[in-house]
Amino acid sequence: MLFENNLKLLRMCGRSVCEGLLIQRAHKHKTAQLSEKKLSRYFVDHRRVKVVAGSGGDGASTFHSEPWKEWGGPDGGNGGAGGDIIIKVDRQVKSLSSVSTVYRGKDGEAGSSKNRFGRNASPTYITVPLGTIVKEEGAMLADLSLHDQLYTVAYGGAGGKGNRFFLSNENRAPLTATPGEKGQERVVQLELRTMAHAALVGFPNAGKSSLLRAISNARPAVAAYPFTTLKPHVGIVQYRDHQQVAVADIPGLIPGAHLNRGLGVSFLRHIERCRVLLYVLDMSSAEPWEQFQQLCFELDQYKPHLSHRPHAIVANKMDLPEARQNLEALRSRVHQTVIPVSALMGENTGELILHIRTMYDSYPRDSSQS
């Protein structure tokens, strides 16, 4: 019925059926959502940035002169200070993709006659997401984990002194004026580490994205091929007492991830801030307990004892026939809590949500993760 109405409208407008179909197809293509792969192009979690603060303005060397007052004395003003470069945290920003590789601050204005000082240059801001770490040659300079937090990464140079500054009883007509100082220059590394309370850790196609969709409001892409998730997703789990727990879907790890294989170290760093870990295992695979051992090994190789944080094992894909037998074998080989679920069917996700809250409440809170 709807299609017939569309045909009538097209005929009334004097357009052919083919033109109408082309218009509908173009409209559909225009409104189609970006795929996970395309969206990942805009997600950057590491950036090397060169910052050069502004130079100070030069001081002026001038003498006051007007009718009947030819020798009015020195009146050169000081130069203005160069602009600082400041890193500012904005919770609305989710990636370092908008951060440029070079930032140059504004220079201060030079001083002038009649004791006029140059204007100080305004600062230059670099906007970054929550959880950004600033490093220089491997040493951490700042951990930016609060909204609107500021960190001055490069200071502008001081303004030069005008000859009025050097006036003294011994020197009544100084000619000296100093140039403005150069601004601070440095190269820093910005690293984004996901701000979440719990992390879903597992191999590709373990069902982490489906699990996050089942327990939270997040909607990451889901597909039946490896590395569907190309950037971390954070979902919020809501509880009846209005408590909210952030759960991060970490892109799939593979053996050798600590050596930067696969998606590698770039996403291992996102696990560091997470308070608790949820190891998601594919119970349809042979010997899933070996997945757990390999994941623990990769985490500990990246950072010692990282796998020892409060954790649980999520036995996923329990809707598949071979999963039941593997579940009993898994429980006999590990001493950790094992929670069997089916993210696809939504089975037993309630128990998982309650267990996440129990681990969240029992683990001592860090001010950077509150």
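Because the structure is a prediction, the values reported are computed rather than measured.

## Examining the packing of aromatic side chains
For any pair of aromatic rings, geometry is given as the distance between the ring centres together with the angle between the planes.
Thought 1: All chains considered together, the criterion is met by 2 aromatic pairs.
Thought 2: Judged by centre distance (5.2 Å) and plane angle (85 degrees), the ring pair of Phe165 and Phe166 falls under edge-to-face.
Thought 3: Classification of Phe165 by relative accessible area gives partly exposed; the value is 48%.
Thought 4: With 5.1 Å between their ring centres and 90 degrees between their planes, Tyr279 and Phe292 make a pair best called edge-to-face. Of this pair, Tyr279 sits in strand 12 (residues 276-282) while Phe292 sits in helix 6 (residues 288-302); the two residues are 13 residues apart in sequence, bridging distant segments of the chain.
Thought 5: Of the residues examined, Tyr279 reaches a relative accessible area of 0% and is grouped as buried.
Thought 6: A relative accessible area of 6% means that Phe292 is categorised as buried.
Thought 7: The ring of Trp289 is capped by Arg333, whose NZ or CZ atom sits 4.1 Å from the centre of that ring.

## With respect to helix 7 (residues 323-333)
One turn of the α-helix equals 3.6 residues, which is why residues spaced by three or four share an orientation.
Thought 1: Among the residues making up helix 7, those that are buried are Ala323, Asn326, Leu327, Ala329 and Leu330.
Thought 2: As for helix 7, its buried residues are in contact with strand 12, helix 6, strand 13 (311-316) and strand 14 (338-340).

## Comments concerning the sheet that holds strand 2 (residues 85-89)
Thought 1: What the 3 strands build is an open sheet, ordered 4-2-7; its pairing is mixed. Two strands bound the open sheet, and with one partner strand each, they are strand 4 (124-128) and strand 7 (150-154). Sheet twist, expressed as the average angle between the axes of neighbouring strands with direction ignored, equals 30 degrees.
Thought 2: Across 5 bridges, the pairing between strand 2 and strand 4 is parallel. For Ile87, the partnering residue across the bridge sits in strand 4 and is Ile126.

## Things to note about the side chain of Ser55
Thought 1: Structurally, Ser55 can be placed in the loop between strand 1 (46-52) and strand 2.
Thought 2: With sequence-adjacent residues up to four places away left out, Ser55 is seen in contact with Gly82, Lys106, Asp107, Gly108, Gly157, Glu181, Lys182 and Gly183.

## A look at the environment of Gly54
Thought 1: Position of Gly54 relative to the elements: it lies in the loop between strand 1 and strand 2.
Thought 2: Setting aside residues no more than four positions away along its own chain, Gly54 makes contact with Gly82, Gly83, Gly105, Lys106, Asp107, Gly156, Gly157 and Gly183.

## A look at the sheet that holds strand 13
Thought 1: If you walk across this open sheet you meet the 6 strands as 10-11-9-12-13-14, and the pairing is mixed. In this open sheet, the two edge strands, each paired with only one partner strand, are strand 10 (233-238) and strand 14. Geometrically, the sheet is characterised by an average inter-axis angle of 25 degrees between neighbouring strands, direction not taken into account.
Thought 2: Summarising the sheet, strand 10 and strand 11 (residues 244-249) pair through 6 bridges and their orientation is antiparallel.

## A short note on the pairing of strand 9 (residues 198-201)
Thought 1: On strand 9, burial covers both faces: Ala198 and Leu200 on one face and Ala199 and Val201 on the other are all buried.
Thought 2: Examined bridge by bridge, strand 9 and strand 11 share 3 bridges and lie parallel to one another. Across the sheet, the residue bridging to Ala199 is Ala248, located in strand 11.
Thought 3: Two strands pair when backbone bridges link them, and strand 9 and strand 12 are joined in this way by 4 bridges, in the parallel orientation.

## Let's talk about the pairing of strand 12
Thought 1: For strand 12, the tally of buried residues reaches 7 of 7 residues, placing the bulk of the element in the interior.
Thought 2: The alternating pattern of strand 12 places Val276, Leu278, Val280 and Asp282 on one face and Leu277, Tyr279 and Leu281 on the opposite face, and all of these are buried.
Thought 3: Direction of pairing for strand 12 relative to strand 13: parallel, over a ladder of 6 bridges. Bridge assignment links Leu281 to a residue of strand 13, and that residue is Ala315.
Thought 4: The handedness of the strand 12 to strand 13 crossover, carried by helix 6, is right-handed.

## Topic: the side chain of Arg357
Thought 1: By secondary structure assignment, the location of Arg357 is in helix 8 (residues 349-362).
Thought 2: When its relative accessible area of 16% is taken as the criterion, Arg357 is described as buried.
Thought 3: Separated by 2.9 Å, the side chains of Arg357 and Asp361 make a polar contact.
Thought 4: Discounting residues that sit within four places of it in the chain, Arg357 has contacts with Tyr239, Asp241 and Gln243.

## Overview of the pattern of salt bridges
Thought 1: Following the criterion strictly, the structure yields 7 salt bridges and no others.
Thought 2: Taking the shortest distance from any N to any O, the salt bridge between Glu136 and Arg186 comes out at 2.7 Å. Of the two residues, Glu136 sits in strand 5 (residues 132-136) while Arg186 sits in strand 8 (residues 185-192), which places them 50 residues apart along the sequence.
Thought 3: Judged by relative accessible area, which is 15%, Arg186 ranks as buried.
Thought 4: A salt bridge links Asp361 to Arg357, with the shortest nitrogen-to-oxygen separation between them at 2.9 Å. Taken together, the positions of Asp361 and Arg357, both in helix 8 and 4 residues apart, correspond to about one turn of that helix.
Thought 5: Sharing partners across several salt bridges, the network here consists of Asp241, Arg357 and Asp361.

Criteria and cut-off values
- Residues numbered from 1 in each chain as written.
- Predicted model: local features only at pLDDT ≥ 70, side-chain atom pairs only at ≥ 80, totals over all residues.
- Heavy atoms only, no water.
- Phe/Tyr/Trp six-rings, centres within 6.5 Å; stacked < 30°, edge-to-face > 60°.
- Buried < 20%, exposed > 50% of the residue type's maximum accessible area, 1.4 Å probe, protein only.
- Helix = DSSP H or I, 4+ residues; strand = E, 2+ residues; numbered from the N terminus.
- Lys NZ or Arg CZ within 6 Å of the ring centre and 35° of its normal.
- Contact = heavy atoms within 4.5 Å.
- Pairing = 2+ DSSP bridges.
- Axes fitted to C-alpha atoms, helices over the stretch in contact; angles between N-to-C directions.
- Right-handed = clockwise from strand over helix to strand, strands pointing away.
- Polar contact = N/O pair within 3.5 Å; in protein donor to acceptor, adjacent residues only side chain to side chain.
- Salt bridge = Lys/Arg side-chain N within 4 Å of Asp/Glu carboxyl O.

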